[in-house]
Amino acid sequence: IEPFEYTDSIRFVLDEGVPRLFYEQNAAHRPVGAAGLTGFHWETGFLRIMPESQIELVNAQGSGRVEVLSGPFELAPDRTIIRLESVLFGNDPRMVETARTLTVDGDTLHYSLDMRTTRVAELTFHVESTLRRK
């Protein structure tokens, strides 16, 4: 896709007493010539802590796609790094593989998303965002 600017927000809610976070992510962009923002991506789901320092992300997206990703997390004194790779897709036959990397450094979250689809043969950079806690 052609590069474009967008806004992104993610909200996390701790599920008290259970090793998981609920999250909701919304992204919007300003189409050329438009006065306001237009939503283009919305997903919601859970980040679950699994045995052996693994994280599982389970989400449903506004497009109808559902996805499960899994991978390790690394806790360091100054930051946390999570690398997730797809293990299951539903309701989107174009998807072959995805990978997400999340880095938490203080009040800053940076994530990147790589995708491989039926039209893109290699796992390729798709989008990234840097967010700061309000």
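Residues numbered from 1 in each chain as written. Predicted model: local features only at pLDDT ≥ 70, side-chain atom pairs only at ≥ 80, totals over all residues. Heavy atoms only, no water.

## Digging into the packing of aromatic side chains
This structure, assessed with the given rule, holds two aromatic pairs. Relative to phenylalanine 40, the ring of tyrosine 6 lies with its centre 6.0 Å away and its plane at 90°, an arrangement referred to as edge-to-face. Taken together, the positions of tyrosine 6 in strand 1 (residues 6-14) and phenylalanine 40 in strand 3 (residues 38-50) put the pair 34 residues apart, joining distant regions of the chain. Residue classification places tyrosine 6 among the partly exposed positions, given a relative accessible area of 21%. A centroid spacing of 5.8 Å and a plane angle of 65° characterise the contact between phenylalanine 22 and phenylalanine 46, whose relative ring orientation is edge-to-face. Placement of the pair is phenylalanine 22 in strand 2 (residues 20-29) and phenylalanine 46 in strand 3, with a sequence separation of 24 residues. (Phe/Tyr/Trp six-rings, centres within 6.5 Å; stacked < 30°, edge-to-face > 60°. Helix = DSSP H or I, 4+ residues; strand = E, 2+ residues; numbered from the N terminus. Buried < 20%, exposed > 50% of the residue type's maximum accessible area, 1.4 Å probe, protein only.)

## Some points on the nonpolar core
Judged by nonpolar contacts, Tyr23, Leu47, Ile55, Leu57, Leu69, Ile82, Leu84, Leu102, Leu109, Tyr111 and Leu131 together constitute the single largest core of 11 residues. Taken together, the elements giving at least two residues each to this core come down to strand 4 (54-61), strand 6 (80-90) and strand 8 (108-117). (Core = buried A, V, L, I, M, F, W, Y, C linked by side-chain atoms within 4.5 Å.)

## Concerning the pattern of salt bridges
Applying the stated rule across the entire model yields nine salt bridges. With its nearest N and O atoms 3.4 Å apart, the salt bridge here joins glutamate 24 to arginine 11. Of this pair, glutamate 24 sits in strand 2 while arginine 11 sits in strand 1, and the two are 13 residues apart along the sequence. A residue is classified by how much of its surface remains accessible, and arginine 11, at 44% relative accessible area, is partly exposed. The closest approach of N and O atoms between glutamate 97 and arginine 116, which form a salt bridge, is 3.0 Å. Within this pair, whereas glutamate 97 is found in strand 7 (residues 95-105), its partner arginine 116 is found in strand 8, the two being separated by 19 residues in sequence. Looking at arginine 116, the relative accessible area reads 28%, which means it is partly exposed. Salt bridges sharing common partners tie together Glu43, Glu67 and Arg100. (Salt bridge = Lys/Arg side-chain N within 4 Å of Asp/Glu carboxyl O.)

Remember, this is a structural readout, not a statement about activity or role.
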